[in-house]
Structures are given as structure tokens and as C-alpha cells.
Amino acid sequence: MDDFRSFIYGKCLDFSIRISKLYTYLCTVKKEYVFSKQILRSGTSIGANLAEAQYGISRKDFYSKVYISLKETAETMYWLEILHRDNQLDDNQFNSLFHDCEELKKLFMSITKTTKASLTPNS
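To start, this report covers the structure provided alongside it. (Residues numbered from 1 in each chain as written. Predicted model: local features only at pLDDT ≥ 70, side-chain atom pairs only at ≥ 80, totals over all residues. Heavy atoms only, no water.)

### Section: the nonpolar core
Right, on to step 1. The biggest cluster of nonpolar side chains holds 26 residues, and the ones touching the most others in it are L22, L80 and F108.
Right, on to step 2. Of all the secondary-structure elements, those providing two or more residues to this core are helix 1 (3-28), helix 2 (34-53), helix 3 (59-85) and helix 4 (91-118).
Right, on to step 3. Among the elements that line this core, the one with the most residues is helix 4, at eight residues.
Right, on to step 4. In this structure, L80 is in contact with L22, I39, L89, F94, L97, F98 and C101, ignoring residues within four places of it in sequence. (Core = buried A, V, L, I, M, F, W, Y, C linked by side-chain atoms within 4.5 Å. Buried < 20%, exposed > 50% of the residue type's maximum accessible area, 1.4 Å probe, protein only. Helix = DSSP H or I, 4+ residues; strand = E, 2+ residues; numbered from the N terminus. Contact = heavy atoms within 4.5 Å.)

### With respect to the packing of aromatic side chains
Right, on to step 1. Going through the model one piece at a time under the given rule, you end up with four aromatic pairs.
Right, on to step 2. Chaining the aromatic ring pairs together yields one cluster made of F35, Y78 and W79. (Phe/Tyr/Trp six-rings, centres within 6.5 Å; stacked < 30°, edge-to-face > 60°.)

### A few points about the packing of helix 1 against helix 2
Right, on to step 1. Look at helix 1 against helix 2: their axes get within 9 Å of each other, and the N-to-C directions meet at 165 degrees. With respect to their mutual orientation, helix 1 and helix 2 come out roughly antiparallel. Of the two possible hands of crossing, helix 1 and helix 2 adopt the one that is left-handed. Contacts between helix 1 and helix 2 involve I8, Y9, C12, F15, S16, I19, S20, L22, Y23, L26 and C27 from the first element and S36, K37, I39, L40, G43, T44, I46, G47, L50 and A51 from the second.
Right, on to step 2. Among the residues making up the contact of helix 1 with helix 2, the classes are represented as 14 nonpolar, six polar and one charged. (Axes fitted to C-alpha atoms, helices over the stretch in contact; angles between N-to-C directions. Parallel < 35°, antiparallel > 145°, perpendicular 65-115°, else oblique. Left-handed = near helix turned anticlockwise from the far one by under 90°. Nonpolar A, V, L, I, M, F, W, Y, C, P; charged D, E, K, R; others polar.)

### As for the environment of A53
Right, on to step 1. Relative to the elements of secondary structure, A53 occurs in helix 2.
Right, on to step 2. Aside from chain neighbours lying at most four places away, what touches A53 is F62, K65 and V66.

### What about the pattern of salt bridges?
Right, on to step 1. Summed over all chains, the structure comprises three salt bridges.
Right, on to step 2. In this structure, the salt-bridge partner of D100 is R18, at a minimum N-O distance of 2.4 Å. Within this pair, whereas D100 is found in helix 4, its partner R18 is found in helix 1, the two being separated by 82 residues in sequence.
Right, on to step 3. Overall, the relative accessible area of 26% leaves D100 in the partly exposed class.
Right, on to step 4. Owing to a relative accessible area of 30%, R18 belongs among the partly exposed residues under this scheme. (Salt bridge = Lys/Arg side-chain N within 4 Å of Asp/Glu carboxyl O.)

### Here's the deal with the side chain of T112
Right, on to step 1. Within the element layout of this structure, T112 appears in helix 4.
Right, on to step 2. Contacts of T112, omitting those with residues within four sequence positions, involve Y63, V66, Y67 and L70.

### Topic: the environment of L97
Right, on to step 1. Among the structural elements, L97 can be located in helix 4.
Right, on to step 2. Classification of L97 by relative accessible area gives buried; the value is 5%.
Right, on to step 3. It is 12 Å that separates the C-alpha atoms of L97 and K11, two residues lying 86 residues apart in sequence.
Right, on to step 4. Leave out the neighbours within four places in its chain, and L97 touches F15, R18, I19, L22 and L80.

Nothing here speaks to function; it is geometry throughout.
Structure representation (C-alpha cells):
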């Protein structure tokens, strides 16, 4: 795995751990079970799809999986905003997690843009 892929893979793993801890916090401290389950699914799916993309059978397959990771970051940002507006997350918690998710989104946007540009009509 090259350095960039290791870098983004590590960021996804770290974010997944943070989301897992958030899920535990929301369930045990806030007694919030609906949105917490949604953010657990979308937040951990980001890295899972990246892991799958690394073994894509074609550039199109790689692109598709990375694009799913991008979409999952957008969904996770949505759930973070709901949790914040519902006062389940304070400003510091929200800002920290949202910033990390936004950083992942920018990385995935760059990867998908570059990958899409490299695809030829026959790939």
C-alpha cells in the first residue's frame, strides 16, 4: 500500500474508532439509540468501503467503492448535524468530529475526481 493510501486508510480507522466511542457515549450517557445507530453505520462504512476499494477488480470498481465512501462521509455529516441540533453533542464534540469527517470528504472528493479523470470510455 502506498503512503497516501496508508495515510487515508489510517484516518478512516481512527475516525471509525471515534464513531464507535461516540455510539457508546450516546447509548450509555445520552440514552439515544436511533440516531446513534445511524451514525455508527455510516461512520464506520467510510473506511470499510475504502478497504474494499483497495481490492477492486478494475479502476471503475475502485472508483465506485471510493465514491461510496464519499457518500458515507456526507451521510455521517448529516447525522452529526442532527445530533448537534438535538443537543446530543455539544459544540466541541460536534466541531471536532465534523472537522475530521469534512477532511475525509475532501480527500475522497480529490480521489474520485482524479480517478474519474483517468477512466477512459472503454475501462
